[in-house]
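These are the residues of each chain, in order.
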Amino acid sequence: MSYFRITLIRSAIGLPAKSGNVLKALGLRKRMATVFHPVTPSVAGQIMKVKELVAVSEVDKPLTKEEVHQERVPDAGFYVESRAEDMRKKQDF
Amino acid sequence: MPSRLPSQASKSYGTLRQPPQHRSHHISSRTLVRSALDISARTSTISQPPTFLLPFRASLHQASTQQAVSPTSQFHNTQPEIPPPLLQTTDVNALSPSPESSESTSITTAPSTTQSLSQPLVLSRSLQEFLPKLCVQKPHYIVAHIHRFPYLLTEGDTLRLPFHMKGVSPGDVLRFNRASILGSRDYTLKAGTSNTESYDAKRTGEPTYLDERLFECRMRVVGLETGPMMDKEKKKRRNRHRKIVHSKHKYTVLRVMQIKIKNLEELNQEKATLLLES
């Protein structure tokens, strides 16, 4: 079963209340929020109502909130190659 | 040698590491001696033109179109004997022709350590051609990313990180494994751009990095530096109570031990990770 991955890119402020209500129904409360919904005609129709505001892609599995957050966490970019303590221990032996 | 250096180019020397007498307007005897020494010093198989024949603008700027255009046009006016492709920088995307573009992007995209190490390292033809030249031309610089923030480093630099790196102590050796640009004075190896169409991936995703097997960047933790004590008075209106908050930040200081760009032979020796397209 495939899912829609829907991200709110633009806010519905200043738009008719209908658009805001559709976003509320989709579970999109603030910008850059991401939700997952199964691919059904009703969800597709909801997306069509707010298609100017959201970015949509189709995925196989829904991600949890933590996984979505983890996508945004940057890579550390380094790792510890050797520790000074270990080197000192080696010298003692 | 005629003096063929335009005067405007001499203004951009601020970022260069090489001594400026190589590119002076009036070629003195000292310059000639030095350039002759340069030739004799390079006994390796890769024959580089002497320093005064190389393009005098370091390719530190980002735009690939400028890189391709400016050195060749300047040299066509004056010195047609040098083949133009030699003077261009090794921008992976700019140099590789369109059928190779898929391979060259696969070099450059390395989202995570485990994923990139499981994939074979693919070198495009242009990279094979220019990587040896980049390797022999020292000193190198690197734009390494720590928590996605870029730091331009050369060997011997001291880097004060804007934060206190937890879990390291002075004397530890760190390896930086995320870099977007590797370069020397005349050659630049730049990570390609990712071709993603999804909007949120564009905005929130990692920048594209070079493959970490191409280089070794070692840093030594030198110590901890502290900022000045800062006092902030907290006071509410119509209330006599006031509180002073003190803060003193710590910053980790690193020194660049080694920036090494691996040669083609070293990359070949790595087991089962290399696919050469020729």
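Residues numbered from 1 in each chain as written. Chains lettered and ligands numbered in written order. Predicted model: local features only at pLDDT ≥ 70, side-chain atom pairs only at ≥ 80, totals over all residues. Heavy atoms only, no water.

The name given to chain B in an unreviewed UniProt entry is Large ribosomal subunit protein bL21m, with the source organism recorded as Capronia epimyces CBS 606.96. UniProt annotates chain B under Sequence similarities (unreviewed entry) with the comment "Belongs to the bacterial ribosomal protein bL21 family." (UniProt positions renumbered as here; feature names shortened; annotations may be inferred.)

Per an unreviewed UniProt entry, chain A carries the name Large ribosomal subunit protein uL30m and comes from Capronia epimyces CBS 606.96. As stated in UniProt under Sequence similarities (unreviewed entry), the record for chain A gives "Belongs to the universal ribosomal protein uL30 family."

Asks: What is the right way to read the interface of chain A and chain B from this model?
Replies: A common way to express how large an interface is: the accessible area buried when the components associate. Each partner contributes to the interface: chain A provides 20 residues, whereas chain B provides 24 residues. Taken together, both faces of the contact between chain A and chain B bury some 1900 Å²; the carbon and sulfur share is 50%. Ionic pairing is found between Arg 218 of chain B and Glu 81 of chain A, a salt bridge with its closest N-O pair at 2.7 Å. Among the elements that line the side of chain A that touches chain B, the one with the most residues is strand β4 (residues 78-82) of chain A, at five residues. In the side of chain A that touches chain B, the residues fall into ten nonpolar, three polar and seven charged. With four bridges joining them, β4 of chain A and strand β5 (residues 173-176) of chain B adopt antiparallel strand pairing. (Contact = heavy atoms within 4.5 Å. Buried area = accessible area lost by both parts, 1.4 Å probe. Salt bridge = Lys/Arg side-chain N within 4 Å of Asp/Glu carboxyl O. Helix = DSSP H or I, 4+ residues; strand = E, 2+ residues; numbered from the N terminus. Nonpolar A, V, L, I, M, F, W, Y, C, P; charged D, E, K, R; others polar. Pairing = 2+ DSSP bridges.)

Asks: Just checking my understanding: could you explain the sheet that holds β4 of chain A for this structure?
Replies: Strand pairs in the sheet, formed through backbone hydrogen bonds, run parallel or antiparallel to each other. A sheet is described by the order of its strands in space; here five strands give the open sequence β4(A)-β5(B)-β8(B)-β11(B)-β4(B), paired in antiparallel fashion. The open sheet has two free edges, formed respectively by β4 of chain A together with β4 (158-160) of chain B, since each of these has just one partner strand. The sheet shows a mean angle of 35° between the axes of neighbouring strands, taken without regard to direction. With eleven bridges joining them, strand β8 (residues 215-226) of chain B and strand β11 (residues 250-261) of chain B adopt antiparallel strand pairing. Each residue of the ladder has a partner; that of Leu 224 of chain B, found in β11 of chain B, is Thr 252 of chain B. (Axes fitted to C-alpha atoms, helices over the stretch in contact; angles between N-to-C directions.)

Asks: Where do I start with unusual backbone geometry in this structure?
Replies: Keep in mind that most residues, glycine aside, have a negative phi and that most peptide bonds are trans. Residues and elements named next belong to chain B. Cis geometry is adopted by the peptide bond preceding Pro 139, which originates at Lys 138 and carries an omega value of 0°. Following the sequence through the fold, Pro 139 ends up in the loop between α7 (125-136) and β2 (141-146). With a phi angle near 75°, Arg 148 is a residue other than glycine that sits in the positive phi range. Positionally, Arg 148 belongs in the loop between β2 and β3 (149-154).

Asks: Help me out: how do you make sense of the pairing of strand β6 (residues 179-183) of chain B in this one?
Replies: Strand residues, when the strand is regular, have side chains that alternate between the two faces of the sheet. Residue and element names in this part refer to chain B. Within β6, five of the five residues are buried, leaving the element largely enclosed by the surrounding structure. Bridge count between β2 and β6: four bridges; the pairing is antiparallel. Residue Tyr 141 lies in a different strand from β6, and its bridge partner there is Gly 183. With three bridges joining them, β6 and strand β7 (residues 188-190) adopt antiparallel strand pairing. Following the sheet pairing, Leu 182 is matched in β7 by Leu 189. Hairpin remark: β6 followed by β7, antiparallel, with four residues in the connecting loop. (Buried < 20%, exposed > 50% of the residue type's maximum accessible area, 1.4 Å probe, protein only.)

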